[in-house]
Structures are given as C-alpha cells and as structure tokens.
Amino acid sequence: MSYFDSKLLAKFEGMETPFYYYNLDLLQQTLSKAKAAADKRGFHVHYALKANFNPRVLSTVQSAGFGADCVSGNEVQKAIEVGFPASQITFAGVGKSDKEIRTALQHGIFAFNVESIQEMEIIDGLAAEMGVRANVSLRINPNVDAKTHQYITTGLDENKFGLPNSELERAAAVLRDCTNVDLVGLHFHIGSQITDMNVFKSLCVKVNEWKNWFEERGTTIRVLNVGGGLGVDYYAPDEHPIADFETYFDIFDRFLERTPNQEVHFELGRALVAQCGSLISKVLYTKNGVKKHFLILDAGMTELMRPMLYQAYHKIEKVGAGAEDTTNYDVVGPICESTDAFGKEVPLPISERGDLIAIRTAGAYAEVMASRYNLRDEVRYCYATEGQLELANS
Ligand SMILES: *Cc1c(COP(=O)(O)O)cnc(C)c1O
C-alpha cells in the first residue's frame, strides 16, 4: 500500500498543482534517528543545505541540533539567519569568491574546506585584511570510487574537487607560511547516493593514511571530516523510509583510527531529507503515440530536474490507486525539451486527465533546483504534520 492513498487523494482536492509535499513527521523521525546514532558515537553531523533549504524543512533540521554545511556565501548567510551557530558551519566549494569568503570570515564560521593552494593563500590574505583568523580544513581528493552515478562522483583524480595528492606536500608548506590561517583538520567528500557500504570502508583507509601522513610531519589534526554521500532507497520509499544510519556510522566507528581528542564530522544532505518530499502533479493529457503511451503532467524539469540532469530514477505512482491493471507510460512534462521526461515505460494504473501522480523521494536536490524556465510559476509546496495538511505558498 502506498503512502499516497485515497485519504490523501481526498485531502489534495482543490489544491493547485504541481506542488511539493513535505512529510514533516517523517523528516522529524529521520533526524532523530540520525542524531541518536551520531551522538552515541560522539560524531558531529553538519546538514548540507544545498540538498533542501525550504523554510520549514530547514528550520526543522536546525531545531534537531545539526550543524550546517554550506557551499556558497548565501548558504552561510541563510544558515546564520535560521539559527545555526557559526561555530558549527563549514563552507566547501571549489570556487569561493572573495565576497563569499569575506561573508564567512565576518561570521567566524567553524571552518573553510579549502580545495586548492591558491584558495588557501586568498583566504589568508582576506583574513589579514579583515584582521581575523580563518580556520581551514584541507579537502583531500582521496581517489576513492564512490560506485555511484558518474555525474555525482566527486572523489576521483579526474574530478575537480579537493587537493590532489601530488599537491599535499606543497599545501602543507604553504600552510606554514599562511600566518592568518589555522588548520583544524582534513576533509573528504567522495560523492553522493552511495549505497555500497564498502565504499565508506575504503574511504576510512584513505583517511587514516592521510591523517598519519600529516601527523608524521608534526601537524595536529583535530577534526576528520568525512563528508556525506549516504544513499537512500529510491526504488522502495515505503519499505525503507529512513536510511540505515546505524550501519553507516558504525563503519566509521570501526574503521577510522582516531586519537582520543580527534573529532569526526559528517556532512549529510540527501539521507536526511530525500524521503520526506514528493512532487505531486496532475495529468494534463494522455496521448497514444506510434510506439508509446504518454502521460503528460503539469510538472516538468522546472520543478524536478534530477531525472534530466543525472538520469536519476524516481518512483512514480498514481495517488489513491488500488490494485488495478497497469499499462506502460512515458511520463513527461510540459517543457519544450525532449529530455523533459520523468520516466520511460513506467507501469502505472490506467490514468486519465485530472488524475494525480506522486513522484517519490523528491526531498533532496529537487525543489532547490527549480527554475523559471519557460516563465513557469514559482514552485509551490505544502507541509503535512501530525496528519494535518498545511498549505504554504500555494
Ligand atoms: C553535496 C555535499 C554534501 C552532501 O552530500 P549528500 O550526498 O547529499 O549527503 C556534503 N559535503 C559536500 C562538500 C558537498 O558538496
């Protein structure tokens, strides 16, 4: 039985589509589980804002006691505004502008995850100008294959992220000359939607190697930041609504070699928010082509771009459907691009104009990527909490 049953169908009566539906109860449960599993091991978790910065989603995450992981100056600003303590904000990204660096320095964030030697020198110079000190972690590209889609792999030699191994000797030397920069630790982030737990074991091996490398050279490493990347089940959202945080954190607990004062930090995005969101859309037209049956929805790549950008799979369901006969549809949007399809040959109950379709597991990297292409409406959303539906901007 799907979460989107006939009772919810009745609640959606009269609501303007398309809209994001956020189940704040599931979000709360997910956050509690993640927090408990991390706290138990003394781990610190920063939430990757870029996954979802919808107002209520963000305030719920903030209230649950997570830090923030930002990838732009505006995200740093936003994190501060919603109440994340500056002492728990990290700032990553290969292309931080001077303005963004100044914003972060002004707030005195926990650490910059520095991705090149030149960036470190620029941060040092700007900190000197402003008369402040900058905390930095070195983002190391560990050349570990995340075994995820190539478009969301970040930790291989061919990726643009982090310092290549060949530069670390020089980075350590430059760091000693940067008089306004303090090293807090090492940072790694190898990719997203990682479902093979062996990948995280391989990461631990690399982290241990690099930690030892620095410590042998007399450098104290206070923080080991292993990034994010924990995957979720896009195929069975109702069977696995909450990611397996216990197994995930346990791997780092067992395989990372820590000295007693060393902290372990994580930056989770997707695993915290993906399952609480769905995109609800209405069938505008059905069309039988020469080879295909099409369902043409009122949502498209302007609301949810993951299928078109990353060839990502999302489970597609008819809201309120029972055990009906199915037919295979290409489920497409209204945007004037051939890539504007959510799924091909999707088995769905026979559908007609006016039926509601739920595109599941759309809480991460979804609403945040919405655009106004084709001069589409601003994206709409609503929240469900304790069985009540609250309309937001729709
Ligand atoms: C995107 C990102 C994350 C979050 O990744 P998820 O796969 O959503 O957990 C963490 N750290 C950095 C540096 C990132 O860019």
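Residues numbered from 1 in each chain as written. Predicted model: local features only at pLDDT ≥ 70, side-chain atom pairs only at ≥ 80, totals over all residues. Heavy atoms only, no water.

S.K.: Which parts of the structure should I look at to understand the domain arrangement of the protein?
M.R.: A common way to report how large an interface is uses the accessible area buried once the components associate. When the domains of the protein are assigned, the result is domain 1 (6-20 + 275-391) and domain 2 (66-268). Its C-alpha centre places domain 1 at a distance of 35 Å from the equivalent point of domain 2. Of the roughly 1,100 Å² buried at the junction of domain 1 and domain 2 (both faces included), carbon and sulfur atoms supply 54%. Considering only the surface of domain 1 that becomes buried against domain 2, Gln275, Tyr310 and Tyr313 emerge as the three largest contributors, covering 47% of it. Taken together, the links from domain 1 to domain 2 amount to 1 salt bridge. A salt bridge links Arg360 to Asp238, with the nearest nitrogen and oxygen atoms 3.0 Å apart. Where domain 1 meets domain 2, there are 5 residue pairs in polar contact (both at pLDDT 80 or more). Grouping the amino acids of the side of domain 1 that touches domain 2 by side-chain chemistry returns 4 nonpolar, 4 polar and 4 charged. (Domains from an automatic or database assignment. Buried area = accessible area lost by both parts, 1.4 Å probe. Salt bridge = Lys/Arg side-chain N within 4 Å of Asp/Glu carboxyl O. Polar contact = N/O pair within 3.5 Å; in protein donor to acceptor, adjacent residues only side chain to side chain. Nonpolar A, V, L, I, M, F, W, Y, C, P; charged D, E, K, R; others polar.)

S.K.: Which parts of the structure should I look at to understand the sheet that holds strand E2 (residues 44-48)?
M.R.: Two modes of strand pairing occur in sheets, parallel and antiparallel, and in both the strands are linked by backbone hydrogen bonds. Spatially, 8 strands are ordered E2-E3-E4-E5-E6-E7-E8-E9 in a closed barrel, and the strand pairing comes out parallel. Put simply, the sheet's adjacent strands are angled 30° from each other on average, direction ignored. Pairing geometry for strand E5 (residues 111-114) and strand E6 (residues 134-139), over 3 bridges, is parallel. Bridge pairing links Asn113 to Ser137 in E6. (Pairing = 2+ DSSP bridges. Helix = DSSP H or I, 4+ residues; strand = E, 2+ residues; numbered from the N terminus. Axes fitted to C-alpha atoms, helices over the stretch in contact; angles between N-to-C directions.)

S.K.: Looking at this structure, I do not really get unusual backbone geometry. What am I missing?
M.R.: Excluding glycine, a negative phi dihedral is what most residues carry, and trans is how most peptide bonds are arranged. For the bond running from Thr17 to Pro18, omega is -5°, close enough to zero to count as cis. The topology assignment puts Pro18 in the loop between helix H1 (6-11) and strand E1 (19-23). The backbone phi angle of Lys147 is positive, close to 50°, even though this residue is not glycine. Here Lys147 is to be found in the loop between E6 and helix H7 (168-177). Of note, Leu375 is a non-glycine position whose phi angle comes to about 50°, a positive value. Looking at the element boundaries, Leu375 is found in the loop between strand E15 (356-359) and strand E16 (381-385). Among the residues examined, Leu375 registers a relative accessible area of 71% and is labelled exposed. (Buried < 20%, exposed > 50% of the residue type's maximum accessible area, 1.4 Å probe, protein only.)

S.K.: Sorry, what's going on with the UniProt feature "binding site: substrate" (unreviewed entry) in the protein here?
M.R.: Here the UniProt feature "binding site: substrate" (unreviewed entry) sits at Arg270, Arg306, Tyr310, Glu337 and Tyr365. Spatially, the listed residues are scattered: they cover 96 residues, and their C-alpha atoms lie as much as 27.1 Å apart. Counting through the fold element by element, Arg270 comes out in helix H10 (residues 270-273). Residue contacts for Arg270: discarding those within four places in its chain leaves Ala51, Ile152, Ser192, Gln193, Leu230, Val232, Tyr234, Arg306, Ala364 and Tyr365. (UniProt positions renumbered as here; feature names shortened; annotations may be inferred. Contact = heavy atoms within 4.5 Å.)

S.K.: Quick question: what am I supposed to make of the site of the ligand here?
M.R.: As a matter of local geometry, the ligand sits amid 15 residues, with Lys50, Ser192, Glu267, Arg270 and Tyr365 nearest to it. Asp69 places a side-chain nitrogen or oxygen 3.2 Å from a nitrogen atom of the ligand. Note that an oxygen atom of the ligand is positioned 2.9 Å from one of the backbone N or O atoms of Gly229. When the free accessible area of the ligand is taken as 390 Å², the share hidden by the protein chains comes to 94%. Along the lines of polarity and charge, the residues of the shell around the ligand split into 4 nonpolar, 6 polar and 5 charged. (Near = heavy atom within 4 Å. Areas by Shrake-Rupley, 256 points an atom, 1.4 Å probe, with all protein chains shown as cover.)

S.K.: Which parts of the structure should I look at to understand the packing of aromatic side chains?
M.R.: Ring pairs (aromatic) are described by centroid distance and by the angle formed between their planes. What the rule picks out here adds up to 22 aromatic pairs. A centroid spacing of 5.2 Å and a plane angle of 55° characterise the contact between Tyr248 and Phe249, whose relative ring orientation is tilted. In this structure, Tyr248 and Phe249 share a single accessibility class: buried. Of the aromatic side chains, those joined through ring pairs into one cluster are Phe43, Phe200, Tyr248, Phe249, Phe252 and Phe266. In this arrangement the basic side chain of Arg56 is found over the ring face of Tyr383, its NZ or CZ atom lying 5.0 Å from the centre. Between Arg217 and the ring centre of Trp213, over which it is positioned, the NZ or CZ distance is 3.9 Å. (Phe/Tyr/Trp six-rings, centres within 6.5 Å; stacked < 30°, edge-to-face > 60°. Lys NZ or Arg CZ within 6 Å of the ring centre and 35° of its normal.)

S.K.: How should I be thinking about the packing of H7 against helix H8 (residues 197-216) in this particular structure?
M.R.: Relative placement of two packed helices is described by the angle separating their axes and the distance separating the axes. Closest axis-to-axis distance for the H7/H8 pair is 12 Å, and the angle between their directions is 45°. Our classification of the angle between H7 and H8 gives oblique. The chirality of how H7 crosses H8 is right-handed. Contact residues: H7 offers Leu168, Glu169 and Ala172, while H8 offers Trp210, Trp213 and Phe214. (Parallel < 35°, antiparallel > 145°, perpendicular 65-115°, else oblique. Left-handed = near helix turned anticlockwise from the far one by under 90°.)

S.K.: Looking at this model, I keep getting lost on the nonpolar core. Mind explaining?
M.R.: Nonpolar side chains tend toward joint burial in soluble globular proteins. Grouped together as the largest cluster of nonpolar side chains are 112 residues, with contacts concentrated most on Phe112, Phe245, Phe249, Phe252 and Phe342. The biggest single contributor to this core is H8, with 8 residues. For this core, the domains that each give at least three residues are domain 1 (6-20 + 275-391) and domain 2 (66-268). Beyond its immediate chain neighbours, meaning those up to four positions away, Phe112 contacts Phe91, Lys96, Ile101, Ala104, Leu105, Ile123, Ala134, Asn135, Val136 and Ser137. (Core = buried A, V, L, I, M, F, W, Y, C linked by side-chain atoms within 4.5 Å.)

S.K.: Explain the UniProt feature "active site" (unreviewed entry) in the protein to me, please; I cannot follow it from the model alone.
M.R.: Mapped onto the present numbering, the UniProt feature "active site" (unreviewed entry) falls at Cys336. Examined against the element boundaries, Cys336 turns out to sit in the loop between strand E13 (326-332) and strand E14 (341-349). Discounting chain neighbours no more than four positions away, the residues touching Cys336 are Tyr373 and Asn374.

S.K.: Is there a simple way to think about the environment of Ser202 in this case?
M.R.: You can see Ser202 is positioned in helix H8. Relative accessible area serves as the criterion here: at 36%, Ser202 is assigned to the partly exposed category. Measuring from C-alpha to C-alpha, the distance between Ser202 and Thr153 comes to 15 Å, with 49 residues separating the pair along the chain.

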